[in-house]
Every structure is written in C-alpha cells, then in structure tokens.
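Given next are the chains, with one letter for each unit.
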Amino acid sequence: MIPGRQTRCWLAMSACLLAAATRAAPPSGEQLYDIACLSCHSLGDAADHRVGPPLGGLLNRKAAMVKDYRYSEALSASGWSWTLPTLLAWLSDPDTAIPNNAMNYVNPLTAGETQRLGEWLLQQP
Amino acid sequence: MAYTPSRRGLLQAAIATSFAGVGNGCDIAAPGRKVVVVGAGLSGLNAALILERWGFEVEVIEAKERVGGRVWTLDHMPGSPEGGGNVMGANYGRVIHTAHELSVPLRNPPQALPSDYAVGGERILRQHWATSDANPLPEAWRSTPPGRLIAKLNADNPLLSTRAWHEAKLMAADQPADEGLKALGFPDAAIRLINANNSYGNNLSETSLMALYRIMGEFGRLSGPALAVKEAVAGNMRLPEAMASRLRRRVALGEPVMSINTLSSGVQATLASGQTVEADAAILALPIPALRQIILDLPPSQLAVLDDVDYHKIVQLHCVVDEPFWEAAGWGGSWWTDGLLGRIFTRPIPGSNRYNMTIWINGDDCDPLNALDDAACTDAILQALWQLVPGAKDVTSVGQLVRWSNDPFAGGSWALWRPGQAGQAHGAIRAAAGRLFFAGEHTAEAYRGMEAAMESGERAALEVMRSLS
Ligand SMILES: Cc1cc2nc3c(=O)[nH]c(=O)nc-3n(C[C@H](O)[C@H](O)[C@H](O)COP(=O)(O)OP(=O)(O)OC[C@H]3O[C@@H](n4cnc5c(N)ncnc54)[C@H](O)[C@@H]3O)c2cc1C
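Cut-offs applied
Residue numbers restart at each chain and count upward from 1, following the sequence in its written direction. Naming scheme: in the order in which they are written, chains are lettered from A and ligands are numbered from 1. Selection of residues for local features in this predicted model requires a pLDDT of at least 70, selection of side-chain atom pairs for listing and counting requires 80 or more, and totals for whole chains, interfaces and linings are taken over all residues. In computing side-chain values, all of the structure's heavy atoms are included and hydrogens and water are not. Any two strands between which DSSP finds at least two bridges are classified as paired. Numbering of helices and strands runs from the N terminus; a helix is a DSSP stretch of H or I covering at least four residues, while a strand is a stretch of E covering at least two. Axes here refer to lines fitted to C-alpha atoms; in helices the fit is confined to the stretch in contact. Angles between the N-to-C directions go from 0 to 180 degrees. Any Lys or Arg side-chain nitrogen found within 4 Å of a carboxyl oxygen on Asp or Glu counts as a salt bridge. Note on classification: 1.4 Å probe, protein chains only; a residue is buried when its accessible area is under 20% of the maximum for its type, exposed when over 50%, partly exposed between these limits. By convention in this text, a residue qualifies as near a molecule or strand provided that one of its non-hydrogen atoms is within 4 Å of it. The term polar contact refers here to a pair of N or O atoms within 3.5 Å; inside protein, the definition further demands a hydrogen-donor-capable atom paired with an acceptor-capable atom, and it admits residues adjacent in sequence only when both atoms are side-chain atoms. In these tables, accessible area is a Shrake-Rupley quantity obtained with a 1.4 Å probe, and a residue counts as shielded only by the protein chains included in the view. Any residue that is not Ala, Val, Leu, Ile, Met, Phe, Trp, Tyr, Cys, Pro, Asp, Glu, Lys or Arg is counted as polar, Gly included; the first ten are nonpolar and the last four charged.

**What to know about the sheet that holds strand E19 (residues 436-439) of chain B**
Residue and element names in this part refer to chain B. Across the sheet, which stays open at both edges, the four strands sit in the order E2-E1-E10-E19 with parallel pairing between neighbours. Of all the strands in the sheet, just strand E2 (57-61) and E19 have a single pairing partner and so form its edges. Between one strand and the next, the sheet's axes are offset by a mean angle of 20°, whatever the strand orientation. Relative to E2, strand E1 (residues 34-38) runs parallel, the two being bridged by five bridges. Bridged to Lys34 within E2 is Glu57.

**Looking at the pattern of salt bridges**
Residue and element names in this part refer to chain B. This structure, assessed with the given rule, holds 27 salt bridges over all chains. The salt bridge involving Arg107 is made with Glu231; its shortest N-O contact spans 2.8 Å. Note that Arg107 is positioned in strand E3 (residues 106-107) and Glu231 in strand E6 (residues 231-232), a separation of 124 residues in sequence. Classification of Glu231 by relative accessible area gives buried; the value is 7%. Taking the shortest distance from any N to any O, the salt bridge between Arg238 and Glu241 comes out at 2.7 Å. In this pair, Arg238 and Glu241 are both assigned in helix H7 (residues 238-246), three residues apart and thus about one turn of the helix distant. In this structure, a network of salt bridges that share partners links the residues Lys34, Glu57, Glu59 and Arg249.

**Comments concerning the site of the ligand**
All names here are of chain B. Looking at the ligand, there are 39 residues lining it, with Ser43, Glu62, Arg70, Tyr92 and Glu441 nearest. Between the ligand and Glu62, the relevant distance is 2.5 Å, taken from an oxygen atom to a side-chain nitrogen or oxygen of the residue. Tyr92 places a polar side-chain atom, nitrogen or oxygen, 2.7 Å from an oxygen atom of the ligand. For the ligand, whose accessible area on its own is 1000 Å², the fraction buried by protein is 96%. Every element with two or more residues in the shell around the ligand is listed here: helix H2 (42-53), strand E13 (314-321) and helix H13 (449-467). It is H13 that contributes the most residues to the shell around the ligand, three residues altogether. Looking at the shell around the ligand, its residues break down into 22 nonpolar, 13 polar and four charged.

And the structure:
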C-alpha cells in the first residue's frame, strides 16, 4: 500500500518528534564505547586483530588475563582487577594509574561520560 | 561501519536517519542533525562515519579530485609507492581495525634495501662507517649510524607518559633542540648530522627539544597482536577510499571551501564554485596551512596560535630503477646523506625485478627546490643523484615529484612544535569555537600521523554529538 500524502506526513512528523526526543539525550554509554574504545577492544572474550584485548565480561576480571594477548609487563604485574572505581581511574589517566602500560590513550571524555561508559561496559557479558 | 549497534542503538539511529531523510515530508526541518565536514582525509572521514553511524546527516566537502589528503598512493607508478603516509605503526588501533572492517588487506611492508652513507661529499659503505675517515663523530659516538643518533635521547627521556610533553614542570625542555642537545653532551658533529635529516623540524634551532623527546618516547609503546609495522597491500589510499565509499552521501570532490560563516542557528560554508552548504556544525579536518586559507569566525587569540604553527617541509622524487646498479660496488641500494639528496629509500617491487627508489628531502633544504618549477626541481635532484651514483643514470626513470609545502591543500607534511609551543599551542589549536570543531593529525594527543588523524576524528565527532544533543 502506498501511504497517502497525509499519512506520510504524519509518519515523518512522528519520526521528527521522536528523533528530537532522542537527540536531546547526551551520548549514551554504548555510543561512547563505539566512538572511543571499540576500534581497539572487542566485546568478546578472545584476542583478535585489534590492538587491545577484548573487554567482554570485564566486571571483577583480573587485569591482563586474556589468553593469547600479549600484555605489557606493567599491566600484567599491576595486581588490578576491574570494577567501576579502577576502570575510572585507569581511563582518566592510564599512565598515572599504571605507569609504562601499553595503552596509548588520552581520554577525550568528560568525567560524566567516562562514568556512563564505565557503567555500561561493566554490564556487558 | 566498524560496529553493530545494539537493538536500542539501532532504533535510535534508524529514527534519526529517517528523520534526516524526511526533509520534504514535513515542514519541521532537521534541527541539530546536520554536520558539514571540510576535508576528506582520514580525520574527516572517520568523524563523518561515526556521525553517520549515530544518525547525523553528514556532508563531506573535499578540495581535491580524490579523497585521502596526505595519504596518497602513486597508483600511476610501478610498485605504487606512497607519496604521503606510508608506515602504519603496530599500535595504530583505529587504522588497523578500520582496514579490517572495510576489507582493506594490510601486510608487513617489504624491507627497504640496506643503507650506506654519503657524508661531507664522501661515500661510505655501511660496514666502514665506524672506522671511516669521513665519519666526523668523536670516538665514543663513531659506531652509531647517523640515522640512529637521535635515539640516544632515550637514554634519559624525561617524558614518562603520553601527556607529559605539556607538563609545566618539564617545560625547560621546550627549548631549541640544537642548544638542548649540546647541553646534553651531544657533540657538534652529531648535532649537524641530526639536523641533516630531522623529520620533526625544518631545522634544529626551530625544533623544540620536547618534540624530539615526544617522538623518541613513543617508540617504546608497543603491545598487542602485531608488533611489525604495516601498509595496505594495494596502497594506503585504499583505506580512505573504502571509508568514503561507506558514507551514505558521496563526498563532494573538487570543491574547495572558501569561508564559513556562523549563522544564528548553525554554519554556512561557501565553496569556490559559489555554492553554499548550511549545517548545524562544521568540522574542519584539514592541516593548518590549508585552514588558514579559509575565512572563519575565530577569536583573535586562536587565529594567532594557528598563524604560528609551522609545518614540516618534504620534497620527494619517486623513481623506478630497472637494474640494481649498486650491487657491483657492494652498495646496499639505499643511502643516508647529509647533502641535498637527504635520504634515498630503495625497495624491490614485489613480483618484479625492478625497484622503487624514493629520494626524500627534509626541512629547510627544500626551500631552494620549492622555488623551482617541477622540471627544474626534478633536474636539480637528478643532477645530485648522478653525482652521488653515476651508475644510476641509465637505469633510473622518474615517476613523480611530490612537494607537500607547495600543495595549497596541505601546506606541508605535518605540524611541527617549535621551542615554546609544547605547553599551550597544541590545546589552543583544537579548541572548539561555537559551531566550529577541529580535527586533523595536528590536533591529536596520543598518536601522530595516520592514527592521529583517526584519533582526532573520534574526538571531533564526540564534541559535535555533545554540542548538538
Ligand atoms: C610525505 C609524508 C609521509 C608520511 N608518512 C607517514 C607515516 O609513515 N606514518 C604515518 O602514520 N603518517 C605519515 N604521514 C602523515 C599522515 O599521512 C597524515 O598525518 C594524515 O594522513 C593526515 O590526515 P588528516 O585527515 O589530518 O589530513 P589530510 O589527509 O591532509 O586531509 C585534509 C583534507 O582536506 C582537504 N582540504 C584542504 N583544504 C581544503 C578546503 N579549503 N576545502 C575542502 N577541502 C580541503 C585536503 O585536500 C585533504 O584531503 C606522512 C605524511 C606525509 C606528507
């Protein structure tokens, strides 16, 4: 069925309104992960072509535990495990958190965004 | 592209996309969803892909007739050498992943042939460097090849983190590199040799020692699955091309942007053709010398910083060699010189018995060459080559002269940090101004080169999403 002009306009308008509502939200944890982390970290559990280790199931995981991923000595010896506070400390300044790590990353996110991203990431299986 | 959003994410994007596409269906325009990206280099393309993925309407405008900017594969030459970005670092996470997602195969590049030296007009076989009378270095330094001298900075590099090059307490190192190296005990002859082929300043007195510490410090940061550097099998330009072809809206080619006006509700870009493009925000993803050509509403203090940033000069002559003329005399095939020719990189063309030879000239030595027309410049370089290696003459043909400083849409090869610029300048050049956002290699924090361009595109896309949400 080809919708009549009026129907089309209504569909379009509701899309407009919905989108306007969506757009008012600041970038979500998922969006932030996509933009700032995903190139280097999959959400799986096995090392792949990416430069960083996978981050699936991160909550309470000990640092540097992914098999077949070649971590820096610094991260391996850190004794860290991943919870919201450690993740936030790591992201806000990785070099201060664990000197000589190999994540060449300067965080472009605000504190609020980092928190949102961290909360989202730690819920991923 | 690089990502499969969750169902909710997809719904958001779908709503936003249909929104962007219904301009005629209802008379509510598309407020806050359209972004114009100026420049189709890696930084602009990465920003555009991210914004499209999250539902923005993006129009990318490119001055040249091709995408890629400072990634430029010379496809018309045998072996397709790179006229711009060539080596992808093992830790270039965004470049490597994007290539993977877009099925642009990478490989470890074929090795360049071993390098001999030509110093003070004397040719020196690599195995004789340490003992040669033409080696100008004092005893303790003689065995270090000239290209490795600068690495001695790492014996005591004060930069312990990625961000440390901006730290106030280290700013003593933000001084002229020639003076700094002398104070560190580098002999004059070593400083002269470093200056001859310094890639991070046009001359050492206008290079911040801090910039050299930064570059040298970076080489330690490698981890992950791939430790060897990479290149795209079919040429690095395949990467920006694949990125551009993923965009929903085709990149507008051959359309230099001349000015961007700030309107009450957004921006309006005026192209050389006279056409105008309106959007809610603009990302300027181009090198500073090209940016300076565009009329922009920026605070005078930011304009002053932009005016002050220098770009590295590079002239390259790309040749094809039919026979290994160097072999009979025991030369390796590549050269490091302290003369006009700079460095000569030769590598076999895979699957053939010919070679690509790139003569790579750096810094202020480019000035007299850049003042010549193409033919005279090519000739000046070839005369110097015949003098160094007469045997090259009958077996070498010229493929392409590349002069980045003379390219109005580049204005040099990469941003340089002069003494005094490590502290503030870098932050100031990328500060968003109203609806204007900045991307490009020069604005990145963690990386340099191609990965820096990708990194900067992420940050700029995020800033736009933040400001338009
Ligand atoms: C000789 C050379 C060797 C290099 N080697 C390496 C290397 O080995 N490894 C590495 O990682 N990096 C290397 N680089 C650096 C790397 O190529 C760049 O950092 C990167 O490609 C820059 O991307 P960008 O998006 O910041 O800018 P660009 O690629 O310069 O993109 C900017 C775009 O804007 C366009 N533009 C300019 N003015 C306008 C206008 N008014 N209107 C519209 N469009 C405009 C330009 O045409 C260009 O396409 C090298 C660069 C050069 C020149």
